[in-house]
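Here are the chains, one letter per residue:
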Amino acid sequence: MDFFWRRVPGAVAAEPSAKRLRGMVPHWFDDEFGVLRKAGLVMAVENNGSLMDFVLTAGGSIADESARLPVFGGELRTEEEDTEYGLVAEFEVCVLEPRQVRRAAAFLRDVPVHDLVKASDPLLAAQAAALGFSTPWSTEWSASLVADLLELQGFFSAAADAGEAILKVQSA
């Protein structure tokens with residue numbers, strides 16, 4: 001599962017169309033992805049999204065909504081559309097309004113990422129296995145998770161400072 005985050009102006013959160021919002025979040029091979037990523041407007045991770053949430057919520061034991069906001073929190077918006085081939089296309093996007101982005105950034109700012117991941121190593125190994133990953137937990141994977149969480153901290157901090165909303169998409 002890949003996770004994608006996109007910073008957008010705060011007013012965009014009021015857009016009612018899930019299809020339009022979903023269209024604003026590029027994937028790995030979209031032409032604009034690299035440019036937006038270099039500008040700090042897009043963040044993406046492969047596989048680590050669920051583990052990021054697991055660490056931030058201490059395996060689900062932290063009930064504070066702020067811990068869930070960065071990965072799985074926000075308002076889920078969906079929209080279906082009939083295609084010309086008789087199939088139904090579903091568009092799904094999660095929206096964090098600027099106030100939620102500020103709360104998530106404040107929460108992330110206080111997370112001791114290196115220490116938290118190190119202390120959670122045995123739990124993360126078990127969680128990776130429970131999620132069905134074919135690769136076992138390793139020190140390289142742990143370092144990758146730390147890097148992703150540090151990037152997430154900076155990403156949310158920049159969005160909060162700019163008064164922006166964040167759009168989130170999960171892709172299998």
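Please read these numbers as outputs of a predicted model, since none were measured by experiment.

A word on the nonpolar core
Thought 1: Within the largest apolar cluster, 34 residues are counted, with the highest numbers of intra-cluster contacts made by Trp-5, Met-52, Leu-145 and Phe-156.
Thought 2: Among the secondary structure elements, those contributing two or more residues to this core are strand S1 (2–8), strand S2 (42–46), helix H3 (48–56), helix H5 (98–109), helix H6 (113–119), helix H7 (121–130) and helix H8 (139–161).
Thought 3: Looking at this core element by element, the count peaks at nine residues for H8.
Thought 4: Excluding residues that lie within four positions of it along the chain, Phe-156 makes contacts with Trp-5, Pro-70, Leu-96, Val-101, Ala-104, Ala-105, Leu-108 and Ile-166.
Thought 5: Counting 16 residues, the second largest nonpolar core, distinct from the first, contains Leu-21, Leu-36, Val-95 and Leu-167.

Re the environment of Pro-9
Thought 1: Residue placement: Pro-9 occurs in the loop between S1 and helix H1 (18–23).
Thought 2: Taking the relative accessible area as the measure of exposure, Pro-9 reaches 55% and is therefore exposed.
Thought 3: Sequence separation of Pro-9 and Ala-58 is 49 residues, and the distance between their C-alpha atoms is 31 Å.

Quick notes on the packing of H5 against H8
Thought 1: The N-to-C vectors of H5 and H8 enclose an angle of 140°; their axes lie 8 Å apart at closest approach. What the angle tells us is that H5 and H8 run oblique. In the crossing of H5 with H8, the sense of the turn from one axis to the other is left-handed. Residues Val-101, Arg-102, Ala-104, Ala-105, Leu-108 and Arg-109 of H5 lie in contact with H8, whose contacting residues are Leu-152, Gln-153, Phe-156, Ser-157, Ala-159 and Ala-160.
Thought 2: Residues that form the contact of H5 with H8 fall into these classes: eight nonpolar, two polar and two charged.

A few points about the environment of Ser-50
Thought 1: Here Ser-50 lies in helix H3.
Thought 2: Along the chain, Ser-50 and Phe-29 lie 21 residues apart, while their C-alpha atoms are 22 Å from each other.

Calculation rules
Residues numbered from 1 in each chain as written. Predicted model: local features only at pLDDT ≥ 70, side-chain atom pairs only at ≥ 80, totals over all residues. Heavy atoms only, no water. Core = buried A, V, L, I, M, F, W, Y, C linked by side-chain atoms within 4.5 Å. Buried < 20%, exposed > 50% of the residue type's maximum accessible area, 1.4 Å probe, protein only. Helix = DSSP H or I, 4+ residues; strand = E, 2+ residues; numbered from the N terminus. Contact = heavy atoms within 4.5 Å. Axes fitted to C-alpha atoms, helices over the stretch in contact; angles between N-to-C directions. Parallel < 35°, antiparallel > 145°, perpendicular 65-115°, else oblique. Left-handed = near helix turned anticlockwise from the far one by under 90°. Nonpolar A, V, L, I, M, F, W, Y, C, P; charged D, E, K, R; others polar.

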